[in-house]
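One letter stands for each residue in the lines below.
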Amino acid sequence: MSKRMKKISPHLIVLGNEKGGTGKSTLAMHIVVSLMNVEKKVAVIDLDSRQRSVARYLQNRRTSMENGSARVAMPEFTVLAQSNAEVVKDREKEEERNLQQALDSYKRADFIVIDCPGNDTYLSRLAHALADTLVTPLNDSFVDLDLLGEVSATTYQVKKLSFYSEMVWDSRKYRSASGKAPMDWIVVRNRLASLDSRNNKRVHDALDVLQKRVMFRYVPGLYERVIYKELFPSGSTILDLEKVNSLSHVAARQEVRSLVDSLNLFK
Ligand SMILES: Nc1ncnc2c1ncn2[C@@H]1O[C@H](COP(=O)(O)OP(=O)(O)OP(=O)(O)O)[C@@H](O)[C@H]1O
Ligand SMILES: [Mg+2]
């Protein structure tokens, strides 16, 4: 990891893992809106320049307002693409420079939220090394647990850590070597099934073993709910709705609030 990157003062929240479709962009959007709702100044950097999910979500939010929907808070946001330079060193230098520029341009924000792609890229590694808070969503299955480490399904012994956990470990070493406060790593279970299933309990037990070994905090996240996906075209979230009139929506709002509370962002 290069020493060229400078830490800036806004609190950096990174959404990352190396598996597609676990809920990084969805959680990023809900965290962003939660923070704006308590009057925090938020900026967003989308490192997934292929899908641009968060940037598209925010673009939809802006377009809805331009088309006459109620005014809602908007963060500043940008998408950073990977460099096309031929030589690896040049690519890395260019990506460091671009990320640093984006961070510097948001230095007056309270929080910068960075959404990573679901695969290993140099930009994503840089973001992990700078993260004050790392949020890793995980779907509720043993398949997704492999993303963190291999856990025996019978004895719950941790057999081996994943490349991703090793990468986060390296990021932590980099931080402590440069005298920064430790990163807070939070693993969030996402798309929980509404029934308290046997699988649910087994994943809980395995995560409990893993969190001591890999040093993350694991928190229950969001249940599987249509409301977390159906508002994408309007760029809004359950937190933006003026009226919530179903029990499921009330529960969803509460879930998002508990999740954001558990990140301990206002120490
Ligand atoms: N709690 C949830 N309930 C219902 N649908 C969800 C929930 N969380 C995420 N989804 C849906 O799951 C899909 C994947 O979510 P999302 O795009 O946030 O994942 P991601 O980790 O950002 O994926 P990628 O790695 O491809 O960037 C999307 O269709 C999203 O709307
Ligand atoms: Mg995404």
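Values in this document were obtained by computation on a predicted structure and should not be read as measured data. (Residues numbered from 1 in each chain as written. Chains lettered and ligands numbered in written order. Predicted model: local features only at pLDDT ≥ 70, side-chain atom pairs only at ≥ 80, totals over all residues. Heavy atoms only, no water.)

**Digging into the overall build of the protein chain**
Looking only at helices and strands, the protein chain features nine helices and nine strands. The C-alpha radius of gyration of the protein chain comes to 18 Å, within 12% of the 18 Å expected for a compact globule of 267 residues. Dimensions of the protein chain along its principal axes, counting C-alpha atoms only, are 50 × 45 × 35 Å. A buried classification covers 52% of the 267 residues belonging to the protein chain. (Helix = DSSP H or I, 4+ residues; strand = E, 2+ residues; numbered from the N terminus. Rg over C-alpha atoms; globule rule 2.2 N^0.38 Å. Buried < 20%, exposed > 50% of the residue type's maximum accessible area, 1.4 Å probe, protein only.)

**Digging into the nonpolar core**
In terms of nonpolar packing, the biggest core is built from 44 residues, with Ile 45 and Trp 185 touching the most fellow members. For Ile 45, the residues in contact, after removing those within four places along its chain, are Thr 78, Leu 80, Leu 99, Ala 102, Leu 103, Tyr 106, Ile 112, Val 113, Ile 114 and Asp 115. In this structure, Ala 28, Val 54, Ala 55 and Phe 77 belong to the second largest nonpolar core, which totals 35 residues. (Core = buried A, V, L, I, M, F, W, Y, C linked by side-chain atoms within 4.5 Å. Contact = heavy atoms within 4.5 Å.)

**A look at the packing of helix 1 (residues 24-37) against helix 9 (residues 247-262)**
Relative to each other, helix 1 and helix 9 sit at 85°, their axes nearing to 10 Å. The angle between helix 1 and helix 9 places the two elements in the roughly perpendicular class. When helix 1 is examined against helix 9, the residues Leu 27, His 30, Ile 31 and Ser 34 are found in contact with a partner set consisting of Val 256, Leu 259 and Val 260. When its residues are assigned to classes, the contact of helix 1 with helix 9 shows five nonpolar, two polar and no charged. (Axes fitted to C-alpha atoms, helices over the stretch in contact; angles between N-to-C directions. Parallel < 35°, antiparallel > 145°, perpendicular 65-115°, else oblique. Nonpolar A, V, L, I, M, F, W, Y, C, P; charged D, E, K, R; others polar.)

**Topic: the site of ligand 1**
Among the 19 residues in the neighbourhood of ligand 1, the closest are listed as Gly 21, Lys 24, Thr 26, Gln 51 and Arg 191. In this structure, Gly 23 approaches ligand 1 through a main-chain N or O atom, which is 3.0 Å from an oxygen atom. Compared with its free state, where it exposes 630 Å², ligand 1 has 83% of that area covered by protein. With respect to the detected pockets, ligand 1 is housed in the largest pocket. Where the shell around ligand 1 is concerned, the elements lending two or more residues are helix 1 and helix 8 (227-230). The greatest single-element share of the shell around ligand 1, amounting to three residues, is contributed by helix 1. (Near = heavy atom within 4 Å. Polar contact = N/O pair within 3.5 Å; in protein donor to acceptor, adjacent residues only side chain to side chain. Areas by Shrake-Rupley, 256 points an atom, 1.4 Å probe, with all protein chains shown as cover. 1 Å grid on protein atoms, 1.4 Å probe; cavity = no way out; pocket = protein on both sides within 12 Å on 5 of 7 lines; lining within 4 Å. Sits in = over half its atoms within 2 Å of the grid points.)

**Quick word on the sheet that holds strand 9 (residues 217-220)**
Strand pairing within a sheet occurs via backbone hydrogen bonds; the two strands may be parallel or antiparallel. Across the sheet, seven strands lie side by side as 3-2-4-1-5-8-9; this open sheet has parallel pairing. Taken across any chain shown, the strands that pair with only one partner, and hence form the sheet edges, are strand 3 (76-79) and strand 9. Direction aside, the axes of adjacent strands within the sheet are offset by 20° on average. Here five bridges tie strand 1 (residues 11-15) to strand 4 (residues 111-115), and the two strands are oriented parallel to one another. Looking at strand 4, one finds that His 11 is bridged to Phe 111. (Pairing = 2+ DSSP bridges.)

**Some points on helix 6 (residues 163-177)**
Over its 15 residues, helix 6 extends 21 Å from the first C-alpha to the last, a length consistent with the 21 Å expected when each residue adds 1.5 Å. Among all positions in helix 6, only Tyr 164, Ser 165, Met 167, Val 168, Ser 171, Arg 172, Tyr 174 and Arg 175 are buried. In the stretch just after helix 6, Gly 179 is the one whose phi turns positive, near 75°. (Expected span 1.5 Å × (residues − 1).)

**With respect to unusual backbone geometry**
Backbone geometry at Glu 39 places phi at a positive 65°, although glycine is not the residue there. Looking at the element boundaries, Glu 39 is found in the loop between helix 1 and strand 2 (42-46). Positive phi, close to 60°, is recorded for Met 215, a residue that is not glycine. If you trace the backbone, Met 215 turns up in the loop between helix 7 (198-214) and strand 9.

**Here we look at the side chain of Ser 34**
Assignment of secondary structure puts Ser 34 in helix 1. Ser 34 sits in the buried class, given a relative accessible area of 12%. Residues contacting Ser 34, with those up to four places away along its chain left out, are Leu 239, Val 256 and Val 260.

**So, helix 2 (residues 53-66)**
Its 14 residues give helix 2 an end-to-end C-alpha distance of 20 Å, which sits within 8% of 20 Å, the value for a rise of 1.5 Å per residue. Residues Ser 53, Val 54, Ala 55, Tyr 57, Leu 58, Arg 61, Ser 64 and Met 65 constitute the buried set of helix 2. Buried residues belonging to helix 2 abut helix 1, strand 2, strand 3, strand 4 and helix 8.

**Observations regarding the environment of Val 188**
Examined against the element boundaries, Val 188 turns out to sit in strand 8 (residues 184-190). Overall, the relative accessible area of 0% leaves Val 188 in the buried class. Counting along the chain gives 165 residues from Val 188 to Gly 23, while the straight-line C-alpha distance between them is 9.5 Å.

**Points about the packing of aromatic side chains**
Under the definition given, this model contains four aromatic pairs. Seen from their ring centres, Trp 185 and Phe 216 are 5.4 Å apart, and the 70° between their planes marks the pair as edge-to-face. Taken together, the residues span a long stretch of sequence, with Trp 185 in strand 8 and Phe 216 in the loop between helix 7 and strand 9 at a distance of 31 residues. For the pair formed by Trp 185 and Phe 216, the shared burial category is buried. One aromatic cluster in this structure is built from Tyr 164, Trp 185 and Phe 216. (Phe/Tyr/Trp six-rings, centres within 6.5 Å; stacked < 30°, edge-to-face > 60°.)

Any functional reading would require information that these geometric values do not contain.
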